[in-house]
Amino acid sequence: MTAAARIMSKFRLAVVQLQVTSVKADNLSRARRLVKQAAGQGSRVVLLPECFNSPYGTSFFSDYAEKIPGESTQMLSEAAKENQVYLVGGRDASADTEKTNYCSLILTFPKMFTV
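Structure report, in brief. (Residues numbered from 1 in each chain as written. Predicted model: local features only at pLDDT ≥ 70, side-chain atom pairs only at ≥ 80, totals over all residues. Heavy atoms only, no water.)

### Side note on the side chain of E66
Argument step 1. Inspection of the secondary structure puts E66 in the loop between α3 (58–64) and α4 (71–83).
Argument step 2. Accessibility expressed as a relative area gives 7% for E66, which makes it buried.
Argument step 3. One polar contact links the side chain of E66 to the main-chain amide nitrogen of E71, over a distance of 3.2 Å.
Argument step 4. Within the local environment of E66, its side chain forms a polar contact with the side chain of S72, the two groups lying 2.7 Å apart. (Helix = DSSP H or I, 4+ residues; strand = E, 2+ residues; numbered from the N terminus. Buried < 20%, exposed > 50% of the residue type's maximum accessible area, 1.4 Å probe, protein only. Polar contact = N/O pair within 3.5 Å; in protein donor to acceptor, adjacent residues only side chain to side chain.)

Structure follows, in structure tokens:
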């Protein structure tokens, strides 16, 4: 069995639920801490919830929208690398322009790139 096959034949997946507030920096800090905790418990893949960086609701989308890359994707990329995990974060507000927002799923890898 190859090294890659051994690694992927058994792994731990963490599904993170976290409380968010109206303070984006606090939400990002909380998410980063929970990713570290999940990795410390052996998780190789960590899934964050939809809207991990903001309150949920269409009324919040414009206020919390970010371009990609941005503050939230930077945190995801850093957390994946620091903790050597594959990290998934759902975003309902990714800004393309000031008037257009998109629902996005951010997938980060521990050693490679962000998709």
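### Considerations on α4
Argument step 1. In this model, α4 (13 residues) spans 18 Å end to end at C-alpha, consistent with the 18 Å of a helix rising 1.5 Å per residue.
Argument step 2. For α4, every residue scored as buried is listed here: S72, T73, M75, L76, A79, A80 and N83. Along α4, the residues classed as buried sweep out an arc of 155 degrees about the axis, all on the same side. The exposed set on the far side of α4, more than 90 degrees from its buried face, consists of K81 and E82. (Expected span 1.5 Å × (residues − 1). Arc of directions from axis to C-beta.)

### Section: the pairing of strand β2 (residues 43–50)
Argument step 1. Pairing analysis gives four bridges linking strand β1 (residues 12–15) to β2, with the strands arranged parallel. Counterpart to V15 in the pairing with β2 is L47.
Argument step 2. Crossover connection from β1 via helix α2 (residues 24–40) to parallel β2: handedness right-handed. (Pairing = 2+ DSSP bridges. Right-handed = clockwise from strand over helix to strand, strands pointing away.)

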